[in-house]
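Residue-level listing of the chains:
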Amino acid sequence: AIAAVGQTAQEVVKEVRRQFQDNPGIMEGTVKPEYSKCVEIVTKAALKEMTKPALLALGFPVLVGVVFKYVGMAKGQPNL
């Protein structure tokens with residue numbers, strides 16, 4: 001997770017540098033930066049990193065239920 005944060009931060013830095021090079025007016029205050037580009041980078045990275053924990057949170061209770069179903073059937077107690 002820490003490596004993903006560092007990688008995302010580097011992507012944001014690259015985007016900010018690109019914007020400064022393309023629009024020198026940003027430093028002068030005459031042009032507003034494209035905030036949406038940085039927000040898009042961070043949001044995509046966050047969603048990508050949250051898939052594994054979400055799958056774990058959804059899949060583990062199902063796995064436990066299936067295991068206990070078969071344990072109960074093996075012991076003769078299907079409602080275990």
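This write-up is about the structure you can find in this document. (Residues numbered from 1 in each chain as written. Predicted model: local features only at pLDDT ≥ 70, side-chain atom pairs only at ≥ 80, totals over all residues. Heavy atoms only, no water.)

### Observations regarding the layout of surface pockets
Alright, step 1. Here the largest pocket defines a volume of roughly 170 Å³.
Alright, step 2. Together, Ala4, Gln7, Thr8, Glu11, Glu40, Ile41, Lys44, Ala45, Lys48 and Glu49 line the largest pocket.
Alright, step 3. Of all the elements in the fold, those that place two or more residues in the lining of the largest pocket are helix 1 (2-22) and helix 3 (35-49).
Alright, step 4. The element that contributes the greatest number of residues to the lining of the largest pocket is helix 3, accounting for six residues.
Alright, step 5. Classifying every residue of the lining of the largest pocket by side-chain character gives three nonpolar, two polar and five charged. (1 Å grid on protein atoms, 1.4 Å probe; cavity = no way out; pocket = protein on both sides within 12 Å on 5 of 7 lines; lining within 4 Å. Points joined across faces, edges and corners; volume = space filled by probe spheres on them. Helix = DSSP H or I, 4+ residues; strand = E, 2+ residues; numbered from the N terminus. Nonpolar A, V, L, I, M, F, W, Y, C, P; charged D, E, K, R; others polar.)

### A short note on helix 4 (residues 51-75)
Alright, step 1. Its 25 residues give helix 4 an end-to-end C-alpha distance of 36 Å, which sits within 8% of 36 Å, the value for a rise of 1.5 Å per residue.
Alright, step 2. Its maximal kink placed at Gly59, helix 4 deviates by approximately 30°, while the proline Pro61 follows within four residues. (Expected span 1.5 Å × (residues − 1). Bend = angle between axes of the 7 residues up to and from the residue.)

### Considering the packing of aromatic side chains
Alright, step 1. In the structure shown here, the tally under the stated rule is zero aromatic pairs.
Alright, step 2. Its end group placed over the ring of Tyr70, Lys69 keeps NZ or CZ at 5.7 Å from the ring centre. (Phe/Tyr/Trp six-rings, centres within 6.5 Å; stacked < 30°, edge-to-face > 60°. Lys NZ or Arg CZ within 6 Å of the ring centre and 35° of its normal.)

### Here's the deal with the packing of helix 1 against helix 3
Alright, step 1. Orientation of helix 1 relative to helix 3, taken along the N-to-C sense of each, is 165°, at an axis distance of 9 Å. Judged by the inter-axis angle, helix 1 sits roughly antiparallel to helix 3. Handedness of the helix 1/helix 3 crossing: right-handed. Residues Ala4, Thr8, Glu11, Val12, Glu15, Val16 and Gln19 of helix 1 form the contact with helix 3, whose own contacting residues are Lys37, Cys38, Ile41, Val42, Ala45 and Glu49.
Alright, step 2. Here the contact of helix 1 with helix 3 is composed, by residue class, of seven nonpolar, two polar and four charged. (Axes fitted to C-alpha atoms, helices over the stretch in contact; angles between N-to-C directions. Parallel < 35°, antiparallel > 145°, perpendicular 65-115°, else oblique. Left-handed = near helix turned anticlockwise from the far one by under 90°. Contact = heavy atoms within 4.5 Å.)

### A few points about a nonpolar patch on the surface
Alright, step 1. Together, Leu56, Phe60, Leu63, Val64, Val67, Phe68 and Val71 make up a nonpolar patch on the protein surface, roughly 630 Å² of accessible area in all.
Alright, step 2. Assignment of secondary structure puts Val67 in helix 4. (Patch = residues over 30% accessible without salt bridge, like charges linked within 9 Å, V, L, I, M, F, W, Y side chains within 5 Å. Areas by Shrake-Rupley, 256 points an atom, 1.4 Å probe, with all protein chains shown as cover. Salt bridge = Lys/Arg side-chain N within 4 Å of Asp/Glu carboxyl O.)

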